[in-house]
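Here is how the chains run, residue by residue.
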Amino acid sequence: MALGPSNLKSYVCVHVYLHERATRLVVHDGDGDWIFACGDEDHLERDWRVVGVGHLTDDDPSLHECADLPAGHEAERPGRGGNWSRRASPTAS
């Protein structure tokens, strides 16, 4: 299962966008938006980018494992290649 078409709008932290850190947190928020982050808490408002999800899945196809994540849920892993742990998102709208 794929996350969607490669041009599906998603939000990504600058650390993942610049390939400085792995995607360790995926959020499918209550509005249906997809958010991909490094999982660290050192983000400022300006540290987010809007990209097509293909920008992320081309680099890390394992992100497709989160394609069935329901809206209002998130998945987290210890690092690239790790197993995803899923839960209801405390930040879901």
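Fair warning: this is a prediction, and the values are worked out from it, not measured in the lab. (Residues numbered from 1 in each chain as written. Predicted model: local features only at pLDDT ≥ 70, side-chain atom pairs only at ≥ 80, totals over all residues. Heavy atoms only, no water.)

A. Summary view of the nonpolar core. By size, the foremost hydrophobic cluster in this structure holds 20 residues, and its most contacted members are Leu 3, Val 26, Phe 36, Leu 56 and Leu 63. Every element with two or more residues in this core is listed here: strand S1 (9-13), strand S2 (25-28), strand S3 (34-37) and helix H2 (53-57). Sequence-distant contacts of Leu 56, defined by excluding residues within four places in its chain, comprise Ser 10, Val 12, Val 16, Phe 36, Val 51 and Leu 63. (Core = buried A, V, L, I, M, F, W, Y, C linked by side-chain atoms within 4.5 Å. Buried < 20%, exposed > 50% of the residue type's maximum accessible area, 1.4 Å probe, protein only. Helix = DSSP H or I, 4+ residues; strand = E, 2+ residues; numbered from the N terminus. Contact = heavy atoms within 4.5 Å.)

B. Highlighting the environment of Arg 24. Secondary-structure assignment places Arg 24 in the loop between helix H1 (14-17) and S2. Arg 24 sits 58 residues away from Gly 82 along the chain, and the two C-alpha atoms are 8.8 Å apart. In terms of polar contacts, Arg 24 uses its side chain to reach the backbone carbonyl oxygen of Cys 38, at 3.2 Å. (Polar contact = N/O pair within 3.5 Å; in protein donor to acceptor, adjacent residues only side chain to side chain.)

C. Quick peek at the pairing of S3. Direction of pairing for S1 relative to S3: parallel, over a ladder of three bridges. Each residue of the ladder has a partner; that of Tyr 11, found in S3, is Ile 35. The hairpin turn running from S2 into S3, its antiparallel successor, is five residues long, and Gly 32 in that turn takes a positive phi close to 95°. (Pairing = 2+ DSSP bridges.)

D. Main features of the sheet that holds strand S6 (residues 85-88). Overall, mixed pairing links the six strands, which are arranged S4-S1-S3-S2-S5-S6 in an open sheet. The two strands at the open ends of the sheet, each matched to only one other strand, are strand S4 (48-52) and S6. Within the sheet, the average angular offset between the axes of one strand and its neighbour, ignoring direction, is 20°. Examined bridge by bridge, S1 and S4 share five bridges and lie antiparallel to one another. Bridge assignment links Cys 13 to a residue of S4, and that residue is Trp 48. (Axes fitted to C-alpha atoms, helices over the stretch in contact; angles between N-to-C directions.)

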